[in-house]
Structures are given as C-alpha cells and as structure tokens.
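Analysis of the macromolecular model
What follows is each chain in one-letter form.
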Amino acid sequence: MADVVLSGAIRSNLLSMQNTARLLDESQLRLATGLKVRSAIDSPTSFFTAQGLNNRASDLNNLLDSMGQAVQTLEAADQGIKSILKLVDSMKAVANQALETKVKATVLTGNQTTALTGGVTLASLANLATGHQITITVGDVTNAVTIGTGGAQVSTVTDLMNWVGATFNGDEPLAATLNADGQLQFTAATGRDIEIAADNGGTPVALDALLGSRTTATDGVNRDKFERDFNNLREQIDQLAGDASYKGVNLLKGNDLLSVFFNTEQTSQLDIQGVTLTPDGALNIGEVGYTSGDHGFAADAEIKAFVENLNAATNTLRQQASTFGANLGVVQIRQDFTKSLINTLESGASNLTVADTNEEGAKMLALQTRQQLGTTALSLANQAEQGVLRLFG
C-alpha cells in the first residue's frame, strides 16, 4: 500500500506530539518508580557512580553490625565487673564482721563432789584404770593419751594437765588447770568446742570421777563461719568472671582479644585485650585458711591484711572498668560516624538516581497541556488542507 503523504505542517505537528508523548511517558515512569536513572542506559556515569556509593554503604552497614556486637561484648564485661565489685564489697563486709567479732574462750569445768589435787593418780579414780585412753577434741583437732606410767603416758592429774598444754598449742590452744574449788577446768582460747571422752579398748568409760556427772561448759565465740562465708564469695567471683562472655569472647577471664574493624580494608581498627579478673589472677585475693593450724581469721592483723587486698582488688576493678569504658566510647563514636557516613553515601547515590517528584509532576502537567495544544494545532493544520475539497464542491 502506498505511503500516506502528509503535509509539512501536519508532519511537524505529529512529530511534536510524538515527542510530547515520549516525554510524558518518561515523567510518568519516573513518578511511578521514583528514579530518574534506572539503568546504565539512562545515564552510565550517574548509574555506576551511584552503584559504587551504594556498595560502599552496604559494606559499612555490615561493619556497623560488627561494631554493635563489639559493644555488646564490652557491655557484658562491664556488667561482669559491676557484679564482681558487689561481691568484693560483700567480702569486705564479711571480713569487717569477723574483725568486729571478738573471740571468746570456751570453758569446760568439772563439778564433782570431791576436789582434785595435782598429785591424784588417774588410775585411782573410779572407772579409770591403767591402759584406758583419754581423748580430747578441740575444734577439728583430736589427740589421745593412755593412762599409765610409761614415757608417752600420763599418771597423775598434773601429768594430764601438762600433756594438754604441750599437745594442744598453736592454732587450737587448750589449757587445763585446777580452779579454786579443785575442779578440773579446760579453756579453749579460740572459742571452739571442747569434747572429752575415755574408753577401754573401744568401750566407753565414764569420766564422772574426773569431771563430775554434771560438767558445765560455756559456749565460746570464734570466726570460723566468716572464713567459710569469705571463701564462698571468693569462689563466686571466679564463677561470675567465667560467665561474663558474649558469643564466646570473655574479656574478664583469660587472654581473649576483641578486634573491632572500622573500615572494609581493615586498616582502621581497635584491639581490646582481655584480662583475668579472678581471685587467683589480677585481683590477687587469697583464700582464707579454714583448717586446723591454718585459720586465716584467727588474728586481727590477718583480717586487716585481707581487707587491704580487697581494697586493692576494688581499685583494679575500677581501673579496668574505666579502660573498657574508654574502649566502649571509641566504638560508639565510630558507630555514629559510620552511620553518618552511610547516610552521606546513600544521599549522594540518591542525588544521582532518584527523581524529583515535584519537578516530574510539574513536567507532566506541562506536557499534558502541550499534548492538548498539539492536538488542537494538528486539527487546525488538517482543516487548512480540507479547504481544497471545497474547490470540487
């Protein structure tokens, strides 16, 4: 079919309307997608530049997540230090309670009807005989002696008193004397319990003739309970330090190293070295002796030494908390900087590719008006050609 021949005026108007339609479609697409550059075809320079900016922003977002995990690790360590400080304060309270508790001796006094003298032989007393064994226990210490005249045996009341003084000394001292009433009296200066018994080859023997049937005893006061409480708290510090970890990293018990990277090339970083904040580590809090011959709270001077160690441990904890706090501040500053940088990169990419909806809306209204005018102009041009038809009327 032969081509339709259009006049110059009509062809010019048609071309203008086609351009207007194309621009109108483009504005509508930009308003629909929000982008003025959707692919490299639209603008290679803007597209690839924006892509590079967005890629870097994405990489920094990944680093931002890593920084957030580092912050959580530091906060776990900080919470651990705060809790350990509370335990150390509790240990100070226990030690001070022990220091304020004055040791009171335990006294066990016989009350038999007949007064004793130092020269009375033990074998002459009722129920007791040569070969019998007398067993005395003070706190955790137990010693026994046999009645007789041999070198390691005791014969008289005086022998028994001398044996007690020579055997029970040091951490569990015991004194045996005859009081003004001629009664045998045992005194444990440490305030620990006293028990006295006798047996004949394993068969219990009554001590009424030596101590009386209604022997009286006054309860003493000692610091053993405080020693146990102190050591229990010390153990809790060690356990708490072991539990202050986050995702397998523990900055309070061991030599774990936390590395925080601030750029994708890993040339900017912060290394945070862990410490051993345990009683056997940097805190240097020794265990209180609580066995016979090794009671750590027996003397006031020993308790004061423990308190000094606890004060030093408190200072160590506070200094380390300050160090971790400074590290946390650095990471948080870099977090804020990275967030701002990500925003800058994404804004720069948006400036290159994102459409201005206000501008595109105004363009669309103008193009719609132009389209209507073009239609009118085309109609006028067509009417001019229709005038030829009148010549054949």
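Presented here is a report on the structure given in the accompanying data block. (Residues numbered from 1 in each chain as written. Predicted model: local features only at pLDDT ≥ 70, side-chain atom pairs only at ≥ 80, totals over all residues. Heavy atoms only, no water.)

1. As for the overall build of the protein chain
Counting its secondary structure elements, the protein chain contains seven helices and 14 strands. Residues classed as buried in the protein chain amount to 37% of the 393 residues present. Taking contacts inside the protein chain between residues at least 6 apart in sequence as the whole, the part at least 24 apart equals 72%. In the form shown here, the protein chain has an accessible surface area of approximately 21300 Å², with 50% of it arising from carbon and sulfur atoms. (Helix = DSSP H or I, 4+ residues; strand = E, 2+ residues; numbered from the N terminus. Buried < 20%, exposed > 50% of the residue type's maximum accessible area, 1.4 Å probe, protein only. Contact = heavy atoms within 4.5 Å. Areas by Shrake-Rupley, 256 points an atom, 1.4 Å probe, with all protein chains shown as cover.)

2. Some words on the environment of Thr 190
Mapped onto the secondary structure, Thr 190 falls in the loop between strand 5 (184-188) and strand 6 (194-200). Along the sequence, Thr 190 and Thr 106 sit 84 residues apart, while their C-alpha atoms lie 7.4 Å from each other. With residues up to four places along the chain from it excluded, the contact list for Thr 190 reads Val 103, Lys 104, Asp 171, Glu 172, Pro 173, Val 221 and Asn 222. At 3.2 Å, the side chain of Thr 190 forms a polar contact with the side chain of Arg 192. (Polar contact = N/O pair within 3.5 Å; in protein donor to acceptor, adjacent residues only side chain to side chain.)

3. Here we look at the pattern of salt bridges
Under the counting rule described, the total for this entry stands at eight salt bridges. In this structure, the salt-bridge partner of Lys 225 is Asp 229, at a minimum N-O distance of 2.7 Å. Of this pair, Lys 225 and Asp 229 both sit in helix 5 (residues 224-243), four residues apart, which is roughly one turn of the helix. Classification of Lys 225 by relative accessible area gives partly exposed; the value is 47%. The salt bridge involving Asp 280 is made with Arg 234; its shortest N-O contact spans 2.6 Å. Of the two residues, Asp 280 is situated in the loop between strand 12 (269-273) and strand 13 (290-291) and Arg 234 in helix 5; the sequence distance between them amounts to 46 residues. Judged by relative accessible area, Asp 280 falls into the exposed class, the value being 67%. Arg 234 sits in the buried class, given a relative accessible area of 14%. Residues joined in a network through salt bridges with shared partners are Lys 102, Arg 223 and Asp 300. (Salt bridge = Lys/Arg side-chain N within 4 Å of Asp/Glu carboxyl O.)

4. Here's the deal with the nonpolar core
One finds Phe 230, Leu 252, Ile 285, Phe 297 and Phe 324 to be the most contacted residues of the largest nonpolar core, which totals 49 residues. If you list the elements that add at least two residues to this core, you get helix 2 (44-100), helix 5, strand 11 (257-261), strand 12 and helix 6 (300-353). By residue number, the principal contributor to this core is helix 2, which donates 19 residues. In this structure Phe 297 touches Ala 95, Ala 98, Arg 223, Phe 226, Glu 227, Phe 230, Val 288, Glu 302, Ile 303 and Phe 306, once residues within four positions along its chain are discounted. (Core = buried A, V, L, I, M, F, W, Y, C linked by side-chain atoms within 4.5 Å.)

5. A look at the packing of aromatic side chains
Under the counting rule described, the total for this entry stands at four aromatic pairs. Seen in terms of ring centroids, Trp 163 and Phe 168 are 6.1 Å apart; in terms of plane orientation they differ by 90°. Their pairing is edge-to-face. Judged on exposure class, the residue Trp 163 and its partner Phe 168 are both buried. Grouping aromatic residues by their ring pairs yields a cluster made of Phe 230, Phe 297 and Phe 306. (Phe/Tyr/Trp six-rings, centres within 6.5 Å; stacked < 30°, edge-to-face > 60°.)

6. Some thoughts on helix 3 (residues 157-167)
Taken as a whole, helix 3 has its buried residues at Val 157, Leu 160, Met 161, Trp 163 and Val 164. Burial along helix 3 is one-sided: seen end-on, the buried residues are contained in an arc of 160°. Check the buried side of helix 3 and you find it contacts strand 2 (133-138), strand 3 (141-146), strand 4 (175-178), strand 5 and helix 4 (208-211). (Arc of directions from axis to C-beta.)

7. Focus on the sheet that holds strand 2
Strand pairing in a sheet takes place through backbone hydrogen bonds and is either antiparallel or parallel in direction. Taking strand neighbours across the sheet as the criterion, the four strands line up as 3-2-6-7 in an open arrangement whose pairing is antiparallel. Strand pairing shows two members of the sheet lacking a second neighbour, strand 3 and strand 7 (203-205), which therefore form its edges. Averaged over neighbouring strand pairs, the angle between their axes works out to 35° when direction is ignored. Across the sheet, helix 3 lies against strand 2 and strand 3, angled at about 145° from strand 3, the strand it touches most. (Pairing = 2+ DSSP bridges. Axes fitted to C-alpha atoms, helices over the stretch in contact; angles between N-to-C directions.)

8. Remarks on the sheet that holds strand 5
If you trace the four strands from one edge of the open sheet to the other, you get 4-5-1-8, paired in antiparallel fashion. The sheet is open, and its two edges are formed by strand 4 and strand 8 (216-218), each paired on a single side. Neighbour to neighbour, the strand axes of the sheet diverge by 15° on average, direction disregarded. Each of strand 4 and strand 5 is contacted by helix 3, which is oriented at about 155° to strand 4, the strand it contacts most.

9. A word on the pairing of strand 3
As defined by bridge partners, strand 2 adjoins strand 3 across six bridges and the pair is classed as antiparallel. Residue pairing for strand 3: Thr 135 is matched across the bridge by Ala 144. Counted between consecutive antiparallel strands, the loop separating strand 2 from strand 3 contains two residues, among which Gly 139 sits at a positive phi close to 60°.

10. Some words on a negative patch on the surface
On the surface, a cluster of negative charge is made up of Glu 235, Glu 287, Asp 294 and Glu 302. By secondary structure assignment, the location of Asp 294 is in strand 14 (residues 294-295). Take Asp 294: its relative accessible area is 43%, and that puts it in the partly exposed class. (Patch = residues over 30% accessible without salt bridge, like charges linked within 9 Å, V, L, I, M, F, W, Y side chains within 5 Å. Lys, Arg positive; Asp, Glu negative; His and termini not counted. Charge placed at Lys NZ, Arg CZ, Asp CG, Glu CD.)

11. Describing the side chain of Thr 106
Here Thr 106 shows up in strand 1 (residues 106-109). With a relative accessible area of 6%, Thr 106 lands in the buried category. Not counting residues up to four positions away in its chain, the partners in contact with Thr 106 are Phe 186, Thr 187, Ala 188, Gly 191, Arg 192, Asp 193, Ile 194, Thr 218, Asp 219 and Gly 220.

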